[in-house]
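Chain by chain, the residues run as shown.
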Amino acid sequence: MISAGVGHVPAGFPSPSQDYSDTKIDLTQMLIRDELSTFIVRVSGDSMQGAGIYDGDKLIVDRGIEPRDGHVVVAIVDGEMTVKRLRITPHGVVLQAENSEYPDVAVAELSDLLIWGVATTCLHQL
């Protein structure tokens with residue numbers, strides 16, 4: 001638990017009428033749906049920077065969420081783990097990079113694909 005003032009913080013000019021309160025903030029309650037199925041993984045690489053996910057960021061990944069088209073997922077393709085946006089097309093599954101310098105991965109029909117979990121939150125230092 002973190003003790004902090006809770007309130008809205010404008011990104012423009014400070015508001016003198018801001019009200020603050022001393023309450024406890026439970027980050028687990030705010031960020032985690034199911035503690036038993038949730039993990040934190042560190043991102044390596046910059047293929048997802050268009051989605052706001054950068055090298056060294058930490059992702060909160062929930063293995064209990066059913067992956068759907070458009071979700072950012074941690075996938076294992078033929079034994080290799082990657083973070084990509086899941087696209088389900090009429091032609092099959094595509095793992096989409098969010099950086100034009102990286103190709104999308106069209107998962108071949110005979111490939112071994114496991115969606116390990118769905119990323120729910122990205123944590124990075126300012």
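Bear in mind that the values here come from a model prediction, so they are computed numbers and not experimental data. Numbering of residues starts from 1 in each chain and follows the order in which that chain's sequence is written. Given that this is a predicted model, residues contribute local features only at a pLDDT of at least 70 and side-chain atom pairs are listed and counted only at 80 or more, while totals for whole chains, interfaces and linings are drawn from all residues. No hydrogens and no water enter the side-chain calculation; it runs on all heavy atoms of the structure.

Caption draft 1: Structural context of the sheet that holds strand 9 (residues 113–123). Read across the sheet, seven strands follow the order 3-4-9-5-6-7-8 without closing on themselves; strand pairing throughout is antiparallel. In this open sheet, the two strands that pair with only one neighbour each are strand 3 (38–42) and strand 8 (105–106). Strand pairing is defined by DSSP finding a minimum of two bridges between the two strands. A helix here means a DSSP run of H or I that spans at least four residues, while a strand means a run of E at least two residues long, and both kinds are numbered starting from the N terminus. In terms of strand pairing, strand 4 (residues 58–62) meets strand 9 through five bridges, oriented antiparallel. In the strand pairing of strand 9, Lys 58 is matched with Leu 123.

Caption draft 2: The arrangement of the pairing of strand 4 in detail. The element strand 4 is largely enclosed, with a buried count of four among its five residues. Sheet topology note: the strand 3/strand 4 ladder contains five bridges and is antiparallel. The residue of strand 4 that forms the bridge with Val 41 is Leu 59. Burial status follows relative accessibility: with a 1.4 Å probe on protein chains alone, a residue under 20% of its type maximum counts as buried, one over 50% as exposed, and anything between as partly exposed.

Caption draft 3: Focus on the pattern of salt bridges. Just to be clear on terms, a salt bridge is a Lys or Arg side-chain nitrogen sitting within 4 Å of an Asp or Glu carboxyl oxygen. Enumeration over the complete set of coordinates arrives at three salt bridges. Here Glu 98 makes a salt bridge to Arg 85, at a shortest N to O gap of 2.6 Å. With a gap of 13 residues between them, Glu 98 in the loop between strand 7 (92–96) and strand 8 and Arg 85 in strand 6 (residues 80–89) connect regions that are remote in the sequence.

Caption draft 4: Structural detail: the nonpolar core. Counting residues in each nonpolar core, the largest one holds 10 residues, listed as Val 43, Met 48, Ile 53, Leu 59, Val 61, Val 72, Val 74, Val 83, Trp 116 and Ala 119. Residue contacts follow a heavy-atom distance rule, with two residues in contact if any of their heavy atoms lie within 4.5 Å. Once residues lying within four places of it in the same chain are set aside, the contact partners of Ala 119 are Leu 59, Ile 60, Val 61, Val 72 and Val 73. Grouped together as the second largest cluster of nonpolar side chains are seven residues, Leu 86, Leu 95, Val 107 and Val 118 included. The nonpolar core is taken to be a set of buried Ala, Val, Leu, Ile, Met, Phe, Trp, Tyr and Cys residues, with the residues joined through side-chain atoms within 4.5 Å.

Caption draft 5: Here's a closer look at the layout of surface pockets. The volume enclosed by the largest pocket comes to roughly 220 Å³. The way it works is a 1 Å grid over only the protein atoms, where trapped points that fit a 1.4 Å probe form a cavity and open points with protein on both sides within 12 Å along at least five of seven lines form a pocket, and then any residue with an atom within 4 Å of a point lines it. Val 43, Ser 44, Met 81, Thr 82 and Val 83 are the residues nearest the centre of the largest pocket, which is lined by 14 residues in total. Mapped by element, the contributors of at least two residues to the lining of the largest pocket are strand 3 and strand 6. For the lining of the largest pocket, the element with the most residues is strand 6, which contributes four residues. Partitioning the lining of the largest pocket into residue classes produces seven nonpolar, four polar and three charged. Grid points are joined across faces, edges and corners, and a volume is the space filled by probe spheres set on the points. When residues are grouped by polarity, Ala, Val, Leu, Ile, Met, Phe, Trp, Tyr, Cys and Pro land in nonpolar, Asp, Glu, Lys and Arg in charged, and all others, Gly among them, in polar.

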